[in-house]
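Secondary and tertiary structure notes
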Amino acid sequence: MRRVKKVKRAKTHKELFDQALRAALRVDFINTMPELKLYTLSLYEAMKWGQEQTQ
């Protein structure tokens, strides 16, 4: 049972990161790949924090 939860959770994190990446690609002020990576990670962390706050 515990193993199933880890797999489901990892998929959720992947989906959340993909959503953050798609959102980061829509902004106009990103000029370089490092900026894109940092902005995506910032969005991902904020989204993850928001999920934790609503649980």
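In what follows, the accompanying structure is described. (Residues numbered from 1 in each chain as written. Predicted model: local features only at pLDDT ≥ 70, side-chain atom pairs only at ≥ 80, totals over all residues. Heavy atoms only, no water.)

**Quick notes on the environment of Lys-48**
Inspection of the secondary structure puts Lys-48 in helix α2 (residues 33-54). Accessibility expressed as a relative area gives 21% for Lys-48, which makes it partly exposed. Between the C-alpha atoms of Lys-48 and His-13, which are 35 residues apart in sequence, the distance is 8.2 Å. The residues contacting Lys-48, other than those within four sequence positions of it, are His-13 and Leu-16. (Helix = DSSP H or I, 4+ residues; strand = E, 2+ residues; numbered from the N terminus. Buried < 20%, exposed > 50% of the residue type's maximum accessible area, 1.4 Å probe, protein only. Contact = heavy atoms within 4.5 Å.)

**Observations concerning α2**
With 22 residues, α2 ought to run about 32 Å at 1.5 Å a step, and its terminal C-alpha atoms sit 32 Å apart, in line with that. Of the positions making up α2, those classed as buried are Leu-36, Thr-40 and Tyr-44. The arc enclosing the buried residues of α2, seen along the axis, measures out at 65°, which places them on a common side. The exposed set on the far side of α2, more than 90 degrees from its buried face, consists of Pro-34, Leu-38 and Trp-49. (Expected span 1.5 Å × (residues − 1). Arc of directions from axis to C-beta.)

**Considering the side chain of Thr-40**
Along the polypeptide, Thr-40 turns up in helix α2. Look at Thr-40 and you get buried, because its relative accessible area is 2%. Leave out the neighbours within four places in its chain, and Thr-40 touches Phe-17, Ala-20, Leu-21 and Ala-24.

**Quick word on the packing of aromatic side chains**
If you walk through the whole model with that rule in mind, you get two aromatic pairs. Each ring, one from Phe-17 and one from Tyr-44, has its centre 5.7 Å from the other, and the planes form 65°; the classification is edge-to-face. Here Phe-17, found in helix α1 (residues 2-25), pairs with Tyr-44, found in helix α2; they are 27 residues apart in sequence, far enough to count as distant. For Phe-17, a relative accessible area of 34% puts it in the partly exposed group. Look at Phe-29 and Tyr-39: their rings are 5.3 Å apart centre to centre, the planes differ by 85°, and that puts the pair in the edge-to-face class. Of the two residues, Phe-29 sits in the loop between α1 and α2 while Tyr-39 sits in helix α2, which places them 10 residues apart along the sequence. (Phe/Tyr/Trp six-rings, centres within 6.5 Å; stacked < 30°, edge-to-face > 60°.)

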